[in-house]
Amino acid sequence: MIRPGPVTRYRVRQVSGNIAKDRRDDLATEEPLEIRVLAGGVSRTVAITMRTPGADFELAAGFLHGEGLVKPGDIQAIGYCTDDDVLPEARYNTVSVRLPQLPDIPHLERHFMTSSACGVCGSASLDALKDRCVPLTTTALRVTPEILYGLPATLHDAQGVFARTGGLHAAGLFTPDGTLVQTREDVGRHNAVDKLVGWALLHDRLPLTGHLLLVSGRASYEIGQKALAAGIELLCAVSAPSSLAVDLAREFGMTLIGFLRDERFNVYAGAERIE
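Residues numbered from 1 in each chain as written. Predicted model: local features only at pLDDT ≥ 70, side-chain atom pairs only at ≥ 80, totals over all residues. Heavy atoms only, no water.

A. Structural context of the sheet that holds strand E6 (residues 94-98). Taken together, 4 strands build an open sheet; the order of strands is E4-E3-E6-E5 and the sheet is mixed. Only two strands of the sheet have a single partner each, and these edge strands are strand E4 (42-51) and strand E5 (77-80). For this sheet, the mean angle separating the axes of adjacent strands, direction not counted, is 20 degrees. Bridge count between strand E3 (residues 31-39) and E4: 9 bridges; the pairing is antiparallel. Paired with Pro32 across the bridge in E4 is Met50. (Pairing = 2+ DSSP bridges. Helix = DSSP H or I, 4+ residues; strand = E, 2+ residues; numbered from the N terminus. Axes fitted to C-alpha atoms, helices over the stretch in contact; angles between N-to-C directions.)

This is how it looks when you write it as structure tokens:
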């Protein structure tokens, strides 16, 4: 069995003007990851996501936490699945998470095996989130524009796989003084955040109160939901937020910043945390 890595090498033909040459090119690997939960000898699949291999256990843990299926202390063991129905070549694409008991997951079977927008309106999504998340309390967290301006460059410099491939999203966790705590990369924006939250969960660092999260793409509702579940008070994106992400931030007291680049940004919610 060959364990997939984050980068896959190809031979390509590069054409520039009237000149063509063959060369090597590194591409971001994209492979499926099946996430299973196991309790009492029963195993169930909760999601299949396309991801960049690497930090797979963190991805699984972060995903389960973001969906409210686990909390700190619930995960008893996590590893690549060795169930009899998993083919040897798929072992490194299947992660099994052992829990004290199986969570209630019927809503996930439709949500993640088909489409995240299937038959659910925005207000219903926010109402469901209120059942498991509470508004963020006001803390002493304050950030200056100068600190925010420096975050994108710091995150970019930490993207090792992006430097080789040019094809990955990133999520970075920062302290209010702009210090980078941890970063994760993936072909999927949501996966990068899940890996980061999963890292915090597996290292007993949740909730992430007093931290900032920066994502390299846009800020969607799903990313806001994951940040909220992790206790993150300030979410930044280098691109635009979605309307539902703004609604979530305003409903739960999160600071949401978009278009953070070229020493400018928009504050969509929680302006009181920006000095």
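B. Up close: the nonpolar core. If you look at the biggest cluster of nonpolar residues, it comprises 52 residues, and the most contacted ones within it are Leu64, Leu213, Leu228, Leu248, Met254 and Leu256. If you tally residues by element for this core, the top one is helix H6 (residues 189-202), at 7 residues. Both domain 1 (31-118) and domain 2 (145-273) contribute no fewer than three residues apiece to this core. Those residues in contact with Leu256, other than ones at most four positions away along the chain, are Ala219, Leu235, Pro241, Ala245, Val246, Ala249, Asn266, Val267, Tyr268 and Ala269. Counting residues in hydrophobic clusters, the runner-up holds 16 residues, among them Val143, Ala170, Leu214 and Cys236. (Core = buried A, V, L, I, M, F, W, Y, C linked by side-chain atoms within 4.5 Å. Buried < 20%, exposed > 50% of the residue type's maximum accessible area, 1.4 Å probe, protein only. Domains from an automatic or database assignment. Contact = heavy atoms within 4.5 Å.)

C. Structural context of the UniProt feature "binding site: Mo-bis(molybdopterin guanine dinucleotide)" (unreviewed entry) in the protein. UniProt tags Phe259, Leu260, Arg261, Asp262, Glu263 and Arg264 as "binding site: Mo-bis(molybdopterin guanine dinucleotide)" (unreviewed entry). Among the secondary structure elements, Phe259 is positioned in the loop between strand E11 (255-258) and strand E12 (266-269). Of the residues examined, Phe259 reaches a relative accessible area of 22% and is grouped as partly exposed. Here Leu260 is to be found in the loop between E11 and E12. A residue is classified by how much of its surface remains accessible, and Leu260, at 1% relative accessible area, is buried. Leaving out residues up to four positions away in the same chain, Leu260 has contacts with Leu148, Tyr149, Pro152, Leu214, Cys236, Ala237, Val238 and Phe265. (UniProt positions renumbered as here; feature names shortened; annotations may be inferred.)

D. Just the layout of surface pockets, in detail. For the second largest pocket, the calculated volume is near 350 Å³. Each residue belonging to the lining of the second largest pocket can be placed in one class, and the counts come to 11 nonpolar, 6 polar and 3 charged. The residue makeup of the lining of the second largest pocket includes at least three contributed by each of domain 1 (31-118) and domain 2 (145-273). (1 Å grid on protein atoms, 1.4 Å probe; cavity = no way out; pocket = protein on both sides within 12 Å on 5 of 7 lines; lining within 4 Å. Points joined across faces, edges and corners; volume = space filled by probe spheres on them. Nonpolar A, V, L, I, M, F, W, Y, C, P; charged D, E, K, R; others polar.)

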